[in-house]
Amino acid sequence: MAFLQWRRFNFFDKEAVKDEGGQDVFFTFQWRRFNFFDKEVVKDEGGQVFDGLKGIDISVCASGRGQILIGDILLSYFTSRECWNIHFLNRNLELSTFKAYELRITHLCQVKQQGILVTVGDDEPGTNPIIKVWNLDKRDKAGNPTCSRIVRAVPGKEASPVTALAVHENLNLMAIGFQDGTVVVYRGDVTRDRHSKSRVIHHTGSPVTGLAFRQAAKVNHLFVVTKDSVQSYNLTAKDHKEDLDAFGCEPRCSVLSDASQDNQFVIGRPDAVYFYQTDGRGPCLVFEGEKKTLQWYRGYLVVVGKENKSMPRPPPGGQSRDMSIVNVYDIQNKFIAYSAPLPDVTDVICEWGSLYILTGENRLMQLIEKDIQTKLEMLFKKNLYVLAINLAKSQHFDQDGLVDIFTQYGDHLYSKGDYDGAINQYVKTIGKLEPSYVIRKFLDAQRIHNLTAYLQALHKAQLATEDHTTLLLNCYTKLKDTNKLDQFIYSKDKEVDFDVETAIKVCRQAGYYDHALSLAERHNQHEWYLKIQLEDIKDYQKALTYISKLDFYEAESNMKKYGKILMSEVPQQTTELLKRLCTDYRPSDIPLADEQTLQGGMPARIHKAQADEFIHIFVSNSSKLMEFLEHMIKVQPSSPSLLYNTLLELYLHDMAHDGGQKAELDRKSLDLLQNTDAHYDVNQALVLCQMHNYKTGILYLYERERLYQQILRYHMDHDEYVHIINTCKKFGGQDPNLWVQALAYFARKEENCRTQMMEVLQHIDRHNLLPPLLVVQTLAHNSTATLAVVKDYITRRLQQENDQIQEDERLIQQYRQETEKMRSQIQELKTSAKIFQVSKCSICNHPLELPSVHFLCQHSFHQHCFEGYAENETECPVCMPENRKILDIIRAQEQHKELHEQFHHQLERATDGFSVVADYFGRGVFNKVTLITDSPAAPPTGGNPFMEPPDSKPVSKPAPKPAAAANPFLDEDDANNPFLDEPESTNPFGEDF
């Protein structure tokens, strides 16, 4: 029959081995054995084996406060030799003793934190145990400790031997266990009788074999173990009893663990070691063999058991001795730290940081624990890295020390080919070990899964660099592990443990655009989001929608950067967004009125960008630019000049190239120019109008800026005769020289312009704009200008000149007569006396009375009138205003004379004579000064009392001359014109005339 035909069944059930209480049993055959302790015989300072305990019958041992305490066994009551009950052995192996009891001592308890020793012994034969409390810090005259309390240990009506003793570290509790199964608890200060009360809390028929106090928070528990039971009592809660187990242990086979094992109560039985909490039994460890003693030392459980083999005694006895086996168990790390047979172990003592074994021959052995580094090296040699790690942790190794172990363990697993286990160890080194050390090991394509796991842990620890993020994402993409990639990127619950920008770059390069967009959007990487949308996906509408949701400053920045491409693809939406951005921008996903505004608070701040910063975006779409600019100017009339200038340029450009809308654009352009609120630059607008030959705009701007000469020149350039005459008529009042230019223009024309020239000559004649000679010279070269054109003009001008000459000759004669008269008056004043015959005051017009004041100008005053009216006592108050005018003219003439001399001096030495002329012209040097005097009926003037009052004629009155219109160099007053050395007229139209 073939094997493949056999049927398979499951006729067996698999169960974990449990003890009587249903707890899992841990077998120690799986525990490894190590030699972490060195055994040495205790020697004195001379190097000899310490034998100070030889000859002492040891009954009990204890330790604490830096010394070992040893109690004697039963001594003879009737012997005559002196015997001592308690021996103290210090660290220098110096032995001191004192007598505590008359007979024997059975129990010792040294309080660890205080110098209090509690003993139980007998002072007389029989069963009369006595409890004594010794104060080791107080000595009597003999140097022995003082006894602070003595009390008989009687459980009830009948005495019973003491079998167990326990004292709480705070000295407020003491428990005594008896052979009859009774436990008495003493409450209060155990060092004094007055404040201490006793109470029986436990009574069974089985002898008490062990007691131990445990304090958790403020609750005190007492563990009680007999040969057939284990209980715990809550001494804080009215001695509440809790049965823990139905079997107990032998004396000295119980101990309380330390905090590393949660202060559990441990008992040893032949089959196993059991652990108990206050409310039940914990785990048990199967340590087979008879137990003699249990002790707890620094997290180790020390078990002294009976060895089956015997050791022969030295000769001559030849008898065999019982052998004991000492096992030191590391309960936390599950290994045996030391195991060795020793002859007849009496007790195990923990003191001075070491473990001491007292043998039957009263020899003291010391177990010295090896240092942690030695232990680890031993484990490394056996490749027991897990155990080394657990040991290091239990010894509270720092992180650096653990990292070294993790690294060695990882290297070991890697060399064996266990890459998964190796990467788990390397993950534990993150933060200490350089990641490149691990990454180089797993760069092989076959190890990419392990590398991915390590990189994930590196990111979770937030210790990844940009290169690590790049490598991890490349691993995901090469593995095509979209689920992992999604979990890495889309997980919103975890914190970001990678460099977002690097992740976006890698996803973008690998073509995972959706992942890159998700990262960029979630982490506000606006620039990357827009790059991917515009350059890779080319979804321009989504990009624009994304920008519209950004805050003001981000939206402004991104529109400046990506506005051109958006304008070319989605012009309408882009233009609308720009309108919002430059007026009153709010993100599209935010309501127009927030909750604060609705509740009556201050509205949010208005954000608006500078519109002129976005003009370059419309470089390929002038129609949208025109729409944008029109909107901005409408809602913001105070927009900068660049917007107005650009809009005007668009109007003029489209007007020149789009004939269909020319009328509409012409209207818009003129409205823009005529808008008083428009802030366009006039000079630039004028250049634009000239470039596009926009006549209406050119003429409007010339007129606005009062450039009447340019208006006339424009019409002259286009030979618009009617407009030339109309311009002169319209603006001739502001600029009379326009007629002169018009005359010169028509004079140069060979066409028949008689009508225009006659009209121009009429205005020139009416306003006396040009001398006749210049008019004749101007028209002399025009073949169409006949004598008939200028006949009437020349006749009128000659008649006016003749009348002016006659008037000038009359004035000259008058001035000569006045001068002669003045000279005669001066001479008369110098040679003859002046008689004052005025009878009335010239101020109040009342008759003169002495005292009075008289002036040579024939004005007289009362002294009080003169003092109240005159500004000073040297001038006539009546003549003073006229005299001051004359004096001012004289001073002005003197200043002009000096100025003219200075002008000629500078002009002769200047390299640029025109700049000198322009400077003096601007200071008004060439302006004519005309004196207008009072009429002859005005009171005579004169401030000089020695001058004869002038007659009714003015002192100086220049002859009225026809003004040379608009030509400052045609002044006929030669004294004020430094450019006319000869009284000749110059021709402003050139040498040809």
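Residues numbered from 1 in each chain as written. Predicted model: local features only at pLDDT ≥ 70, side-chain atom pairs only at ≥ 80, totals over all residues. Heavy atoms only, no water.

The protein chain goes by Vacuolar protein sorting-associated protein 11 homolog in an unreviewed UniProt entry, where it is assigned to Branchiostoma lanceolatum. As recorded by UniProt, the Sequence similarities (unreviewed entry) comment attached to the protein chain reads in full: "Belongs to the VPS11 family." (UniProt positions renumbered as here; feature names shortened; annotations may be inferred.)

K.L.:
I'm lost on the pattern of salt bridges in this one. Help?
P.N.:
Side chains that differ in sign of charge can pair as their charged atoms come close. Tallying each qualifying case throughout the model produces 33 salt bridges. The closest approach of N and O atoms between E250 and K227, which form a salt bridge, is 4.0 Å. Placement of E250 in the loop between β19 (240-245) and β20 (254-256) and of K227 in the loop between β17 (219-226) and β18 (230-234) is noted, with a sequence separation of 23 residues between them. Since its relative accessible area comes to 44%, E250 is described here as partly exposed. Residue D245 is joined to R281 by a salt bridge in which the shortest nitrogen-to-oxygen separation is 3.1 Å. Here D245, found in strand β19, pairs with R281, found in strand β23 (residues 280-286); they are 36 residues apart in sequence, far enough to count as distant. In this structure, D245 and R281 share a single accessibility class: buried. What you see here is one network of salt bridges that share partners, running through E576, K579, K624 and E627. (Salt bridge = Lys/Arg side-chain N within 4 Å of Asp/Glu carboxyl O. Helix = DSSP H or I, 4+ residues; strand = E, 2+ residues; numbered from the N terminus. Buried < 20%, exposed > 50% of the residue type's maximum accessible area, 1.4 Å probe, protein only.)

K.L.:
How do you make sense of the packing of helix α13 (residues 552-569) against helix α14 (residues 571-582) when you look at a structure like this?
P.N.:
Packed helix pairs are specified by the crossing angle of their axes together with the interaxial distance, meaning the distance between the axes. Running from N to C, α13 and α14 cross one another at 155°; their axes reach a closest spacing of 10 Å. In this view, α13 runs roughly antiparallel relative to α14, as classed from their interaxial angle. Crossing angle aside, the handedness with which α13 passes α14 is left-handed. Of α14, the residues touching α13 (which contributes F552, A555, E556, M559, G563, L566, M567 and E569) are P571, T574, T575, L577, L578 and L581. Looking at side-chain class alone, the contact of α13 with α14 contains 9 nonpolar, 3 polar and 2 charged residues. (Axes fitted to C-alpha atoms, helices over the stretch in contact; angles between N-to-C directions. Parallel < 35°, antiparallel > 145°, perpendicular 65-115°, else oblique. Left-handed = near helix turned anticlockwise from the far one by under 90°. Contact = heavy atoms within 4.5 Å. Nonpolar A, V, L, I, M, F, W, Y, C, P; charged D, E, K, R; others polar.)

K.L.:
For this particular structure, what's the right way to read the pairing of strand β16 (residues 208-216)?
P.N.:
Side chains on a regular strand alternate between the two faces of the sheet. Judged by how many residues are buried, β16 sits mostly within the fold: 7 of 9 residues are covered. As defined by bridge partners, β16 adjoins β17 across 8 bridges and the pair is classed as antiparallel. Bridge pairing links V208 to T226 in β17. Hairpin geometry of β16 and β17 is characterised by an intervening segment of 2 residues between the two adjacent antiparallel strands and by a positive phi of about 60° at A217. (Pairing = 2+ DSSP bridges.)

K.L.:
For this particular structure, what's the right way to read the sheet that holds strand β9 (residues 116-122)?
P.N.:
Within a sheet, neighbouring strands are paired by backbone hydrogen bonds and run either parallel or antiparallel to one another. Pairing within the open sheet is antiparallel, and its 4 strands lie in the order β8-β9-β10-β11. Each end of this open sheet is capped by a strand with a single partner; those strands are β8 (104-110) and β11 (145-152). Adjacent strand axes in the sheet meet at a mean angle of 25° when their direction is disregarded.

K.L.:
What am I meant to see in the UniProt feature "coiled-coil region" (unreviewed entry) in the protein chain here?
P.N.:
Sites flagged by UniProt as "coiled-coil region" (unreviewed entry) map to residues 798-832. With 97% helix and 0% strand, residues 798-832 has its two end C-alpha atoms placed 51 Å apart.

K.L.:
Could you clarify how one ought to interpret the nonpolar core in this entry?
P.N.:
If you look at soluble globular proteins, the nonpolar side chains tend to sit buried side by side. By size, the foremost hydrophobic cluster in this structure holds 157 residues, and its most contacted members are F37, M559, L566, L578, L581, F628 and F746. Look past the residues within four positions of F628 in its chain and what remains in contact with it is T575, L578, K579, C582, A611 and F618. The next biggest cluster of nonpolar side chains, apart from the first, holds 28 residues, and it includes F265, I267, W296 and I331. (Core = buried A, V, L, I, M, F, W, Y, C linked by side-chain atoms within 4.5 Å.)

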